[in-house]
Amino acid sequence: MKSTVFDRQAIVSRAPISRAIVSRALISTFTGIALSIGVVSFAMASAGHGNAKKPTIGQAGEEAHVSRTIEVNLEDNYFTPEKIEVTKNQTVRFVIKNTGEFVHEFNIGTAAMHASHQEEMMMMVDHGMLEVDKINRNMMMDMGEGGMMSHDDPNSVLLEPGETAEIVWQFPEAAELEFACNVPGHYDSGMMGELTVGEPDHDSVELSTE
Ligand SMILES: [Cu+2]
């Protein structure tokens, strides 16, 4: 389908900042607080996962099978759109833009996966790899702590302000998933949304994400 045509140049170039500076400062302060609270709360969040059957979140899809493109903006600290509905067996291209002032993540997973990834992200902060508005990518590979000190899982991207990335993802089964930002403090302040993988007969979901 050619109906969704993107202006590539517009996507790549940094989006204009439109929100008030005053509210920025407030958000900044709040995130600082949330970040320190995050240290305490993520350990609790990780304590309770284990026995539920894991839905299959899917896998990296092939470019040739993309039938749908969804644009996702990462803002401070929420997503636009707030929820996403896709169809079983669909291969979706997510075009992800960080239009906020902070580092944000787009991650496809279950609630339990996000809880556990939040611990890894907290360690990245502890090791100085992740700052509020900066990713020190050169530090990611050489930490030697069980190989979890890189951020290269195919189901997620971590972006600095102004950066853009794409994920092509195939959803093999109906499931209730979540897309989330696991930067410490962000998930808890609301930076997550429902990602519903529906059965294919619901043709109308094709048009519902805008
Ligand atoms: Cu975030």
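Looking now at the environment of Glu101. Within the element layout of this structure, Glu101 appears in the loop between β5 (91–98) and β6 (104–109). Overall, Glu101 belongs to the partly exposed group, with 18 C-beta atoms counted inside 10 Å. Taking the C-alpha atoms as reference, Glu101 lies 7.7 Å from Glu75; in sequence the two are 26 residues apart.

With that out of the way, let us pick up the nonpolar core. As a rule of thumb, nonpolar side chains are buried together in soluble globular proteins. With 33 residues, the main nonpolar core has Ile96, Phe106, Phe179 and Cys181 as its most contacted residues. Within the residue set of this core, elements represented by two or more residues are β4 (84–87), β5, β6, α3 (111–126), β9 (156–159), β10 (164–170), β11 (175–180) and β12 (192–198). Setting aside residues no more than four positions away along its own chain, Phe179 makes contact with Phe79, Ile84, Phe106, Asn107, Ile108, Met192, Gly193 and Leu195.

Look at α3: 23 Å from first C-alpha to last across 16 residues, which is about the 22 Å you get at 1.5 Å a residue. Here α3 has its buried residues at Met113, His114, Ala115, His117, Gln118, Met121, Met122 and Met124. One or two residues past the end of α3 sits Gly128, with phi positive at roughly 80 degrees.

This part is about the environment of Gly185. Tracing the chain through its elements places Gly185 in the loop between β11 and β12. Overall, the presence of 28 C-beta atoms within 10 Å leaves Gly185 in the buried class. The spatial distance from the C-alpha of Gly185 to the C-alpha of Gln118 is 8.9 Å, given a sequence separation of 67 residues.

Within β6, six of the six residues are buried, leaving the element largely enclosed by the surrounding structure. Across the two faces of β6 the burial is the same, with His104, Phe106 and Ile108 and Glu105, Asn107 and Gly109 all buried. Strand direction decides the pairing type here: β6 and β9, joined by four bridges, are antiparallel. Directly across from Glu105, in β9, lies its bridge partner Leu158. Two elements, β6 and β11, share three bridges in a ladder whose sense is antiparallel. Directly across from Gly109, in β11, lies its bridge partner Glu178.

Below, the discussion takes up unusual backbone geometry. Leaving glycine out, the prevailing phi sign among residues is negative, and the prevailing peptide bond configuration is trans. Omega for the bond connecting Asp76 with Asn77 falls within 30 degrees of zero, at -10 degrees, which places this linkage in the cis form. Position of Asn77 among the secondary structure elements: in the loop between β2 (68–74) and β3 (79–80). Here the residue pair Thr80 and Pro81 is connected by a cis peptide bond, since its omega of 5 degrees sits within 30 degrees of zero. Relative to the assigned elements, Pro81 resides in the loop between β3 and β4.

Taken together, five strands build an open sheet; the order of strands is β1-β10-β5-β2-β3 and the sheet is mixed. Looking along the sheet, the strands with just one partner apiece sit at the ends: β1 (59–60) and β3.

What counts, and where the lines are drawn
- Residues numbered from 1 in each chain as written.
- Predicted model: local features only at pLDDT ≥ 70, side-chain atom pairs only at ≥ 80, totals over all residues.
- Helix = DSSP H or I, 4+ residues; strand = E, 2+ residues; numbered from the N terminus.
- Buried ≥ 20, exposed ≤ 12 C-beta atoms within 10 Å, placed from the backbone.
- Core = buried A, V, L, I, M, F, W, Y, C linked by C-beta atoms within 7 Å.
- Contact = placed C-beta atoms within 7 Å.
- Expected span 1.5 Å × (residues − 1).
- Pairing = 2+ DSSP bridges.

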